Amino acid sequence: MWSLAVLPIDPCFFQVCQKSNSSEYQFSSFVFSVSFPPQLSVREHAAWLLVKEEMGKEGLLVEKDDIVQLKEAYKWIIHPLFLEELGVPADGKSLFEVSVVFAHPETDEDCHFLARTCASCFKPAKNKQSVFTRMAVIKALELIDDDDFHKNFRSPPSSPKAPCTAVDIQCTNGAIFVAGRYNKYSRTLPQTPWIINGERKMESSVEELITEHLIATFKADSFNFSSSGREDVDVRTLGNGRPFAIELVNPRRVHLTAEEMKALQQTINNSSDKVQVRDLQIVTREAIGHMKEGEEGKTKSYSALIWTEKEIRSEDVAVLDSMKELKLDQKTPLRVLHRRPLAVRVRVIHTMQSEYIDEHHFRLQLKTQAGTYIKEFVHGDFGRTVPNIGSLLGTTADILELDVESVDVDWPPALDNE
């Protein structure tokens, strides 16, 4: 009771309700978390020692785990009040969290004696304003013996003149995840913002064209974008598109109907002719793992427009059609060496199908192991990829255009809403 006397019920309750009701958060349950001032653990310990001593007089042995923790007792009292006022239950698995930080300046010095009795528990830290953190105090209380505690602190403690005050109340929603597939129709659009030495190189990106509408609709603070691989700025992604997933951090909205998701997808598609999305849906965090698992074992299909220095005939390029499961040794390309470690990776070209155009040009359809550098397979990257189209045809070759035709990842599930 001496500990609970420090804690407010009505003031905090009304503050939390006001904060929750005034926020834009969409929630059907909540998690209530509290952070008590560290000195409250000292008062709780004093109360525990008194209970242990009184029960001992009756010949009863009581362990500390037998006593309900102050934090839990406080929640037992305040949860029903929240249910009545907010109309939603407390649920430990809820995405919506209300967190309250309490302070009690009147008793700040209650734990200072521990620094003398257990000095090793209190070490200055750069990111901490005080050495008397909750964890440090709890550790010291575990080490101090009962006699030393009684010599330094009253049991029961004196009643405070005023209760704790809530110095910070925060409402947050757990992240939600939106997935889909995107097509990129521009050869001047990077997947993510292209910024070099603080200078932006392209006006926009696939990521931004999609997420700006998601952020606005779900009213999220920020996002994290991921995808099944990535294409270069000058490469289009056609076919069924590339799977992507976006984590929306602290969204105010967490539920959209299928019709609302369909409308959101249409809004994205109407906003730009450079990017289109399909199969837009809310997914779980766990489901995103399907996009990444076994990634190197997946296949991707490409269409490449190739130039050759030497004049070619249709029968010259037709020899590529018969090559199956062609193994390549690909040393990390020079163009990505600044951001990827130097290594030799074995990749496989499963099939190739050529289409002769003229004496210096042909189109090549390729089905490859995911992670294959197609541009380097064509021009050889100064001998860093072997074999390559140039070495196979006995000429210098270069790539003029490249399109991703398919990314063979069976995720996210296709939706019948096109």
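Please refer to the structure placed before this passage.
Small disclaimer: the values here were computed from a predicted structure and weren't measured.

Reading the values: rules and limits
- Residues numbered from 1 in each chain as written.
- Predicted model: local features only at pLDDT ≥ 70, side-chain atom pairs only at ≥ 80, totals over all residues.
- Heavy atoms only, no water.
- Axes fitted to C-alpha atoms, helices over the stretch in contact; angles between N-to-C directions.
- Helix = DSSP H or I, 4+ residues; strand = E, 2+ residues; numbered from the N terminus.
- Parallel < 35°, antiparallel > 145°, perpendicular 65-115°, else oblique.
- Left-handed = near helix turned anticlockwise from the far one by under 90°.
- Contact = heavy atoms within 4.5 Å.
- Nonpolar A, V, L, I, M, F, W, Y, C, P; charged D, E, K, R; others polar.
- Phe/Tyr/Trp six-rings, centres within 6.5 Å; stacked < 30°, edge-to-face > 60°.
- Buried < 20%, exposed > 50% of the residue type's maximum accessible area, 1.4 Å probe, protein only.
- Salt bridge = Lys/Arg side-chain N within 4 Å of Asp/Glu carboxyl O.
- Pairing = 2+ DSSP bridges.
- Polar contact = N/O pair within 3.5 Å; in protein donor to acceptor, adjacent residues only side chain to side chain.
- Patch = residues over 30% accessible without salt bridge, like charges linked within 9 Å, V, L, I, M, F, W, Y side chains within 5 Å.
- Areas by Shrake-Rupley, 256 points an atom, 1.4 Å probe, with all protein chains shown as cover.
- Core = buried A, V, L, I, M, F, W, Y, C linked by side-chain atoms within 4.5 Å.

Notes on the packing of helix α7 (residues 206-218) against helix α8 (residues 258-271)
- With their axes 9 Å apart at the nearest point, α7 and α8 run at an angle of 140° to one another. One finds that α7 runs oblique with respect to α8. Between α7 and α8 lies a crossing of right-handed hand. Contacts from L209, I210, H213, L214, T217 and F218 in α7 reach M261, L264, T267, I268 and S271 in α8.
- Classifying every residue of the contact of α7 with α8 by side-chain character gives seven nonpolar, four polar and no charged.

Details of the packing of aromatic side chains
- Using the criterion set out here, one finds 13 aromatic pairs in the structure.
- Between F32 and F82 the ring centres are 5.1 Å apart and the planes differ by 65°, which places this aromatic pair in the edge-to-face class. Of this pair, F32 sits in strand β1 (residues 31-35) while F82 is found in helix α3 (residues 70-86), placing the two residues 50 residues apart along the sequence.
- Ring geometry for Y182 and F244: centres 6.1 Å apart, planes at 45°, overall tilted. Of this pair, Y182 sits in strand β4 (residues 176-184) while F244 sits in strand β8 (residues 236-249); the two residues are 62 residues apart in sequence, bridging distant segments of the chain. Comparing Y182 with F244, the two get one shared label, buried.

A short note on the pattern of salt bridges
- Under the defined criterion, the tally for this structure stands at 20 salt bridges.
- Put simply, E208 and R200 hold a salt bridge, and the shortest N to O gap is 2.5 Å.
- For E208, a relative accessible area of 23% corresponds to the partly exposed category.
- By relative accessible area, R200 is classed as partly exposed at 36%.
- The salt bridge partner of R384 is D381, with a shortest N-O separation of 3.5 Å.
- Under the relative-accessibility criterion, R384 is labelled buried at 17%.
- Taken together, the shared-partner salt bridges connect R187, R236, R363, E401 and D403 into one network.

With respect to the packing of helix α2 (residues 39-57) against helix α5 (residues 134-143)
- Axis separation between α2 and α5 bottoms out at 8 Å; the angle between their running directions is 25°. When the interaxial angle is binned, α2 and α5 end up roughly parallel. Relative to α5, the crossing made by α2 is right-handed. Here S41, V42 and H45 of α2 lie close against α5, whose contacting residues are R134, V137, I138 and L141.
- A class-by-class count of the residues in the contact of α2 with α5 yields four nonpolar, two polar and one charged.

Describing the pairing of strand β15 (residues 397-407)
- With two bridges joining them, β8 and β15 adopt parallel strand pairing. Counterpart to R236 in the pairing with β15 is D403.

Considerations on the environment of N269
- Tracing the chain through its elements places N269 in helix α8.
- The class of N269 is buried, set by a relative accessible area of 12%.
- For the pair N269 and L209, spaced 60 residues apart in the sequence, the C-alpha separation amounts to 9.3 Å.
- At 2.6 Å, the side chain of N269 forms a polar contact with the backbone nitrogen of V277.

Here's the deal with a nonpolar patch on the surface
- Together, L334, L337, L342 and F382 make up a nonpolar patch on the protein surface, roughly 460 Å² of accessible area in all.
- On the secondary structure map, L342 appears in the loop between β11 (326-331) and β12 (344-358).
- Among the residues examined, L342 registers a relative accessible area of 59% and is labelled exposed.

Considerations on the environment of I169
- Note on placement: I169 falls in strand β3 (residues 165-173).
- Judged by relative accessible area, which is 11%, I169 ranks as buried.
- Sequence separation of I169 and A318 is 149 residues, and the distance between their C-alpha atoms is 70 Å.

Description of the nonpolar core
- M352, F362, L364, L366, F377, I389 and W411 are the most contacted members of the largest nonpolar core, which totals 34 residues.
- Among the secondary structure elements, those contributing two or more residues to this core are β4, β10 (299-308), β11, β12, β13 (361-369), α11 (374-379), α12 (389-393) and β15.
- V34, Y74, F102 and C164 belong to the second-largest nonpolar core, a separate cluster that totals 24 residues.

A short note on the sheet that holds strand β2 (residues 96-103)
- If you trace the three strands from one edge of the open sheet to the other, you get β1-β2-β3, paired in mixed fashion. Since the sheet does not close on itself, it has two edges, and those belong to β1 and β3, each with one partner. Strand-to-strand twist in this sheet, taken as the mean axis angle between neighbours without regard to direction, amounts to 20°.

The analysis is restricted to geometry; functional conclusions fall outside its scope.
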